[in-house]
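Coordinates in review
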2 protein chains.
Amino acid sequence: VSTFRNVVLLSGGVGGARFAHGLAQVVDAERLTLIVNTGDDLVHWGLYVCPDLDTVMYTLAGRADEARGWGLRDETFGVLDGMRAFGAPDWFALGDRDLATHLVRSEALARGRSLSDVTQQLCAALGVRTRVLPMCDTPRRTLIESCDHGLLAFQEWLVKLRAPRVKAVHFEGADTPTAAALAALDAAELIVIGPSNPYVSIDPILSLSGVRERVASKPTIALSPIVHGRAVKGPLAEMLRELAGSAPGAGAIAVHYGELLSGLVVERGDEASVRALPVLGTNTVMGGSTDRARLAREVLQFAEGLK
Amino acid sequence: VSTFRNVVLLSGGVGGARFAHGLAQVVDAERLTLIVNTGDDLVHWGLYVCPDLDTVMYTLAGRADEARGWGLRDETFGVLDGMRAFGAPDWFALGDRDLATHLVRSEALARGRSLSDVTQQLCAALGVRTRVLPMCDTPRRTLIESCDHGLLAFQEWLVKLRAPRVKAVHFEGADTPTAAALAALDAAELIVIGPSNPYVSIDPILSLSGVRERVASKPTIALSPIVHGRAVKGPLAEMLRELAGSAPGAGAIAVHYGELLSGLVVERGDEASVRALPVLGTNTVMGGSTDRARLAREVLQFAEGLK
């Protein structure tokens, strides 16, 4: 359906993962690369957990628990039971089969292998043919400066405290993207910014050395994660009000990404909020895999039209 | 029942753990110390696993799966399923609730806490009041020099290869016992060597600096792990033939421990195989908790009689 030889998707967790699932159905695997946020990775129960990478891998593998919004389907929680009995923190739940991912990854990292390497291994084992790249192989952490609870690690803010009001978002650690991510951006004929939270899912990727200018130099389409004034998932609507002083809508997303964008895909009815940018209004709330493929096709067609 | 102010049990896994469970019922917690073999500890799936310590803790907590012979009762195996799907080694199975133990322990060790410390924490969480000491806080590994497969890590020999023929047993790593173990031996008025494999469960403890001479200086009773020419569990009968050239029986156990022993408790009918040592013949195959307490009482009574 698309004449773009190389397409790169910048992605966070759920929204980006579902759109990735759509793209993977309509773009050949060798022409598609996903660059995934790792700013909200955490060490939990001593294991290295990559929530966004895992959501992307599990969604592409058709094994994500989409009703729950995280982890694997048909999961059990025996380890969590055991951890609770030991008084270990249980605010970040990990299922038993999911835990195997974190064990394999943690062991590989401890042996000195890179996150890119082990992600490739995990994808292969899960039957995911799409190229999935972590944005970094070195730790880069998204920190939330909250209004009422000081500086918080990302998952503590999001999961433990349920996203209290935000004053600012900070990134900590080396701003070095993986060489593979930079090469994919260099080769890209189209960059798509998935319908993920711009502040905490996409900005961490854009904040890396060399990424923003590469994205700016290519045709780039974003998908607005806002539907009828609310985020499909997560606290984005509140963040747009608090951090940008904007009403949550596609217009605020357009302003946020500014000159990076060649076009914006928005929920039908939200077109008018966007100024001075080509806009495609459609149904952006993705259902099952057919619906995801439909949206991916529409986005590629829209990008073709902007050539 | 006993006038011994301080009793120390040297223990391996299942047999020692069951006898420990008996002793814990008849000796006050503040007068009983278990020193447990850690020579067969292993790092598995990146986690630090202590098979003998865990069997002892779980057995004392009344939560061991005694039919299976390892791990916890009412266990699930979701992580194992997940690890299999990733092609990780599955010859050493860990249950989901059991895995919580290894996660808590591994994380604590990674933070620089000692194995003694984290064992105390795990025991407290499991409701185990008996003092359980690992023999070492530093790595000390039992290696098996096999006749046909070269030098093997202990669990590889026992679990993966199902105990092929043994040429020799070696110990690797610093021979430093914990200070608490030495202090317990110094304070002991009676030392009991549990019905564990002398070569691979008890010798690792005796091989530590300062342990053998302390055991030799105190009243010491061993329980023979041989019943009707066979080990209740494990490959001891074969090892006695291969390593000592002895028929498997209490006599071979008596010869193995030699001058360390003040007396030996043997399966009824096996008394005659023991020379020049006080012997108690009784039913040494332990059933449930009442039967374990019965055996513990008989052993203490026998030791009283040798005073």
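Our subject is the structure that appears above.
Residues numbered from 1 in each chain as written. Chains lettered and ligands numbered in written order. Predicted model: local features only at pLDDT ≥ 70, side-chain atom pairs only at ≥ 80, totals over all residues. Heavy atoms only, no water.

Structural notes on the sheet that holds strand β5 (residues 131-134) of chain B
Residues and elements named next belong to chain B.
- Taken in spatial order, the seven strands make up an open sheet running β5-β2-β1-β9-β10-β13-β14, and their pairing is parallel. Looking at the sheet topology across the chains shown, the edges are occupied by β5 and β14 (279-282). For this sheet the average axis-to-axis angle between neighbouring strands, irrespective of direction, equals 20°.
- Relative to β14, strand β13 (residues 263-267) runs parallel, the two being bridged by four bridges. Paired with Leu264 across the strands is Val279, a residue of β14.
- Along the sheet, helix α1 (residues 14-26) makes contact with β1 (7-11), β2 (32-36), β9 (190-193) and β10 (220-223), crossing β1 at roughly 160°. (Pairing = 2+ DSSP bridges. Helix = DSSP H or I, 4+ residues; strand = E, 2+ residues; numbered from the N terminus. Axes fitted to C-alpha atoms, helices over the stretch in contact; angles between N-to-C directions. Contact = heavy atoms within 4.5 Å.)

Quick look at the sheet that holds strand β6 (residues 141-146) of chain A
Residue and element names in this part refer to chain A.
- Pairing within the open sheet is antiparallel, and its three strands lie in the order β7-β6-β8. Whereas interior strands pair on both sides, the edge strands pair on one side only; in this sheet they are β7 (151-153) and β8 (166-172). Ignoring strand direction, the axes of neighbouring strands in this sheet form an average angle of 30°.
- Taken together, the three bridges between β6 and β7 define a ladder with antiparallel strand orientation. The residue of β7 that forms the bridge with Leu143 is Ala153.

Focus: the pattern of salt bridges
- Using the criterion set out here, one finds 30 salt bridges over all chains in the structure.
- Its salt-bridge partner being Asp81 of chain B, residue Arg97 of chain A comes within 3.2 Å of it at the nearest N-O pair. Remark: Asp81 of chain B occurs in helix α3 (residues 78-85) and Arg97 of chain A occurs in helix α4 (residues 96-110); the pair is interchain, linking two chains.
- The buried category is assigned to Arg97 of chain A, whose relative accessible area is 18%.
- Of the residues examined, Asp81 of chain B reaches a relative accessible area of 37% and is grouped as partly exposed. (Salt bridge = Lys/Arg side-chain N within 4 Å of Asp/Glu carboxyl O. Buried < 20%, exposed > 50% of the residue type's maximum accessible area, 1.4 Å probe, protein only.)

Considerations on helix α8 (residues 198-206) of chain B
Residues and elements named next belong to chain B.
- Across the nine residues that make up α8, a large majority, nine, are buried.
- All buried positions along α8 are accounted for by Pro198, Tyr199, Val200, Ser201, Ile202, Asp203, Pro204, Ile205 and Leu206.
- Where α8 begins, the side chain of Asn197 points an oxygen toward the backbone nitrogen of Tyr199, at a separation of 2.9 Å. (Polar contact = N/O pair within 3.5 Å; in protein donor to acceptor, adjacent residues only side chain to side chain.)

As for the interface of chain A and chain B
- Across the boundary between the two partners, chain A contributes 22 residues, which contact 22 residues of chain B.
- Roughly 1800 Å² of surface becomes buried between chain A and chain B when both sides are summed, with 75% attributable to carbon and sulfur atoms.
- Among the residues chain A hides against chain B, the three largest losses belong to Phe86, Arg97 and Leu103 of chain A. Together they make up 33% of the total.
- Our count for the contact surface shared by chain A and chain B stands at two salt bridges. (Buried area = accessible area lost by both parts, 1.4 Å probe.)

A look at the packing of helix α8 (residues 198-206) of chain A against helix α11 (residues 250-257) of chain A
All names here are of chain A.
- The contact between α8 and α11 brings their axes to 12 Å, and the two run at 20°. Judged by the angle between their axes, α8 and α11 are roughly parallel. For the pair α8 and α11, the crossing hand works out as right-handed. Judged by residue contacts, Pro198, Tyr199, Ile202, Asp203 and Leu206 of α8 engage Ile253, His256 and Tyr257 from α11.
- Partitioning the contact of α8 with α11 into residue classes produces six nonpolar, one polar and one charged. (Parallel < 35°, antiparallel > 145°, perpendicular 65-115°, else oblique. Left-handed = near helix turned anticlockwise from the far one by under 90°. Nonpolar A, V, L, I, M, F, W, Y, C, P; charged D, E, K, R; others polar.)

Considering the side chain of Arg292 of chain B
- As for its placement among the helices and strands, Arg292 of chain B is situated in helix α12 (residues 289-305).
- When residues no more than four places from it in sequence are discounted, the contact partners of Arg292 of chain B are Arg18, His21, Gly22, Gln25, Thr59, Glu66, Met286 and Gly287 of chain B.

Details of the environment of Ala29 of chain A
- Topologically, Ala29 of chain A is positioned in the loop between α1 (14-26) and β2 (32-36).
- Taking the C-alpha atoms as reference, Ala29 of chain A lies 34 Å from Val169 of chain A; in sequence the two are 140 residues apart.

Details of the environment of Cys136 of chain B
All names here are of chain B.
- Structurally, Cys136 can be placed in the loop between β5 and β6 (141-146).
- Judged by its relative accessible area of 1%, Cys136 is buried.
- Once the C-alpha coordinates of Cys136 and Gly71 are considered, the two residues, 65 residues apart in sequence, prove to be 22 Å apart.
- When near neighbours in sequence (up to four residues on either side) are disregarded, Cys136 contacts Thr38, Leu115, Thr176, Thr178 and Leu208.

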